[in-house]
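# Summary of the model geometry
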Amino acid sequence: MITRLLPTLLLLTFLCTCVRAQSKLKAEVRAGVAAQYEQLTDLSDRIWSYEEIAFQEAQSAEALKAYARANGFRIEENIGEIPTAFTAEFGSGKPVIGILGEFDALPGLSQETVPRKQPRNEGGAGHGCGHNLFGTASLGAATAIKEMIEAGKLKGTIRFYGTPAEEKYFGKLWMVRAGAFDDVDVVMDWHPSAQTKVGVQTGLALVDFVVEFRGQAAHAASDPWNGRDASDALELYAAGINYYREHVKPSVRIHYDIQQAGEVVNVVPDYSRIWTRVRDGNNEGVQVVYKQIQRIAEGAAMMANVDYELTLISGIHEVLVNRTGAEVLQRNLEAMGPISYTEEEQAFARQIQAAVNKPEIGIESKIEPLEETLSVAAGGSTDVGDVSYVVPVIRLRATTAPSGTPWHSWAVVACGGMSIGHKGMRYSAEAMAMTMIDLFTDAKLRESIKAEFKEDIGDYEYKPMVPAGPPPVDSKF
Ligand SMILES: [Zn+2]
């Protein structure tokens, strides 16, 4: 009997030892993040104060690179021909674990770290999506892992991706096109949020394009018959889209931003411009709508007797969710427990909630249970989707603002520049670092994550949806 049980007993002992070794490494890596807390807070606050928007994040990228360099990472710049895109790498060989870091701000959201709307620079940009925390936390996690590779406790390569322009243009597309993710085994990602949970929803795919109409200027009263009105075409185009809305699937979203439509009332406008965005649950659905709207643009130009030009900016895929990876992250969140807040922080949160007319319930600190991945997609979109089409991605959302806070608003900027944001940043760094310990030490886990990814992709031939040529770093739109 004993001899028959022996292999099982040996296996159990071996597994126990592995789990114990792993939890020791996890405790160490968390301590490695904690040790950087002051420096990370300083780095995040600097990026918060630079408030640089898409493709203009020169100082923010520099600050992250300087931190990585000081910690011994090898830097590769200008990834995908984007001056602010870079990677910071440490170690060698397999596995290669990647971690994403965004750092762009949003126009018009400048804000002080106070719980009421108070711009820091009138009309300036602000970190209304918390990307100052995003890039910093990911680099902090990468640095903690790097220390363990350096100490010989982990084997392989850690690579931080500095990914610009998530808020406009979607910089990751050109990084993917350049093959920057081709040799990676698994990628970690997180995002600031009003909740703490594992990200298991797909979000929406989208396409962005600009239509320009060109006509002939004339005096609006004395010789309007000599004019060909570009704004007429724009109005017809928008009307066409709005009639078409009735006949698209319920999952489709169409938004537009009229960027130019005449300058003065007594001139027939010879130029107009409109940015259009189409979203749906997946790229395939987006293509159907995109095709029909191209016909609407052509028809509108014909009716107004003007010329038109349609320029594709970029298109992003929905996120491929990796449930195997998500479960590992969930276990780590549960092992960590929720973020705790001081009474001062809760008071700050309640003041924000009062200012945005939401129940004054303070900050949610519980860890949400692992959700089902919904088959009907909803929510926003992210260029992480395109990364998830070339490599499995594990995604976290961590609390950096109170519940009810409108996202992309002054309230998120305020929290991202003070301790509520800092705590979410540290929490994310620790959770991702712990999950990377699982990824580095468990080859079987990596294999099952990859197997799920392969099954999801099937025979789909992924291609980033970007126009040929360089990225729109100097875009006129
Ligand atoms: Zn964001």
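Attention now goes to the overall build of the chain. Secondary structure assignment for the chain yields 13 helices and 11 strands. Its C-alpha radius of gyration of 25 Å places the chain within 12% of the 23 Å reference for a compact globule of 477 residues. Out of the 477 residues in the chain, the part that is buried amounts to 56%. The long-range fraction of contacts in the chain, counting pairs at least 24 apart against all pairs at least 6 apart in sequence, stands at 81%. Total accessible area on the chain is roughly 20,800 Å²; 53% of this is exposed by carbon and sulfur atoms. A distance of 6 Å separates the average location of the 46 positive side-chain charges in the chain from that of its 62 negative side-chain charges.

What follows covers the sheet that holds strand β10 (residues 307–316). In space, the 4 strands of this open sheet follow the order β8-β9-β7-β10, with antiparallel pairing throughout. Strands with a single pairing partner mark the edges of an open sheet, and in this sheet they are β8 (253–261) and β10. For this sheet, the mean angle separating the axes of adjacent strands, direction not counted, is 15°. Pairing of β8 with strand β9 (residues 271–280) involves 8 bridges; the strand directions are antiparallel. Bridged to aspartate 257 within β9 is tryptophan 275. Each of β7 (205–214), β8 and β9 is contacted by helix α6 (residues 230–244), which is oriented at about 15° to β9, the strand it contacts most. Contacting β7, β8, β9 and β10, helix α7 (residues 283–304) runs over the sheet at an angle of about 10° to β7.

What follows is about the environment of valine 286. As for its placement among the helices and strands, valine 286 is situated in helix α7. Residues valine 286 and histidine 317, 31 residues apart in the sequence, show an inter-C-alpha distance of 9.4 Å. Aside from chain neighbours lying at most four places away, what touches valine 286 is Ala205, Leu206, Val207, Val278, Arg279 and Asp280.

Partitioning the chain into domains gives domain 1 (20–202 + 318–457) and domain 2 (205–314). Taking only C-alpha atoms into account, the centre of domain 1 sits 36 Å from that of domain 2. Tallying the contact residues gives 9 residues for domain 1 and 11 residues for domain 2. For the domain 1 face of the interface with domain 2, the top three residues by lost area are Phe170, Glu318 and Ser381, together amounting to 54%. Across the contact surface, domain 1 and domain 2 share 0 salt bridges. Grouping the constituent residues of the side of domain 1 that touches domain 2 by class yields 5 nonpolar, 2 polar and 2 charged.

Now for the side chain of lysine 172. Residue placement: lysine 172 occurs in helix α5 (residues 172–177). By relative accessible area, lysine 172 is classed as buried at 0%. A polar contact of 2.5 Å, which involves the side chain of lysine 172, links it to the side chain of aspartate 383. Here lysine 172 is in contact with Leu100, Glu102, Thr163, Pro164, Glu166, Asp383, Val384 and Val387, once residues within four sequence places are set aside.

This next bit is on the pairing of β7. Summarising burial for β7: 9 of the 10 residues are buried, a large majority. As defined by bridge partners, β7 adjoins β9 across 10 bridges and the pair is classed as antiparallel. Bridged to arginine 214 within β9 is tyrosine 271. Examined bridge by bridge, β7 and β10 share 9 bridges and lie antiparallel to one another. Bridge pairing links arginine 214 to aspartate 307 in β10.

Right, let's get into the pattern of salt bridges. Counted under the stated rule, the structure contains 27 salt bridges. A salt bridge links glutamate 309 to arginine 214, with the nearest nitrogen and oxygen atoms 3.1 Å apart. Of this pair, glutamate 309 sits in strand β10 while arginine 214 sits in strand β7, placing them 95 residues apart in sequence. Residue arginine 214 is classed as partly exposed on the basis of its relative accessible area, which comes to 33%. For arginine 426, the salt bridge is made with glutamate 430, and the minimal N-O distance between the two is 2.7 Å. Linking arginine 426 with glutamate 430, this pair stays in helix α12 (residues 419–441), spanning 4 residues, or about one helical turn. By relative accessible area, arginine 426 is classed as partly exposed at 31%. On the accessibility criterion, glutamate 430 (4% relative accessible area) is buried. Where salt bridges share partners, they join Arg74, Glu89, Arg159 and Asp183 into one cluster.

What follows deals with the coordination of the zinc ion. Bound to the zinc ion on the protein side are Cys129 (SG), His131 (NE2) and His191 (NE2), at distances that span 2.0 to 2.2 Å. All donor residues of the zinc ion come from one chain, and their arrangement in sequence is C-x1-H-x59-H. With histidine 131 in helix α4 (residues 131–150) and histidine 191 in strand β5 (residues 186–193), this pair connects stretches of sequence that are 60 residues apart. Histidine 191 carries the same exposure label as histidine 131, and that label is buried.

Take the sheet that holds strand β6 (residues 197–199) next. Across the sheet, which stays open at both edges, the 7 strands sit in the order β1-β2-β4-β3-β5-β11-β6 with mixed pairing between neighbours. Both edges of this open sheet fall to β1 (74–77) and β6, since each of them pairs with a single strand only. The sheet shows a mean angle of 25° between the axes of neighbouring strands, direction not considered. Two elements, β5 and strand β11 (residues 393–399), share 7 bridges in a ladder whose sense is parallel. Its bridge partner being in β11, methionine 188 is matched across the sheet by isoleucine 394. Where helix α8 (residues 323–336) meets the sheet, its contacts fall on β6 and β11, and the angle it forms with β11 comes to roughly 35°.

Cut-offs applied
Residues numbered from 1 in each chain as written. Predicted model: local features only at pLDDT ≥ 70, side-chain atom pairs only at ≥ 80, totals over all residues. Heavy atoms only, no water. Helix = DSSP H or I, 4+ residues; strand = E, 2+ residues; numbered from the N terminus. Rg over C-alpha atoms; globule rule 2.2 N^0.38 Å. Buried < 20%, exposed > 50% of the residue type's maximum accessible area, 1.4 Å probe, protein only. Contact = heavy atoms within 4.5 Å. Areas by Shrake-Rupley, 256 points an atom, 1.4 Å probe, with all protein chains shown as cover. Lys, Arg positive; Asp, Glu negative; His and termini not counted. Charge placed at Lys NZ, Arg CZ, Asp CG, Glu CD. Pairing = 2+ DSSP bridges. Axes fitted to C-alpha atoms, helices over the stretch in contact; angles between N-to-C directions. Domains from an automatic or database assignment. Buried area = accessible area lost by both parts, 1.4 Å probe. Salt bridge = Lys/Arg side-chain N within 4 Å of Asp/Glu carboxyl O. Nonpolar A, V, L, I, M, F, W, Y, C, P; charged D, E, K, R; others polar. Polar contact = N/O pair within 3.5 Å; in protein donor to acceptor, adjacent residues only side chain to side chain. Donors = N, O, S within 2.8 Å, 3.2 Å for Na, K, Ca; no water.

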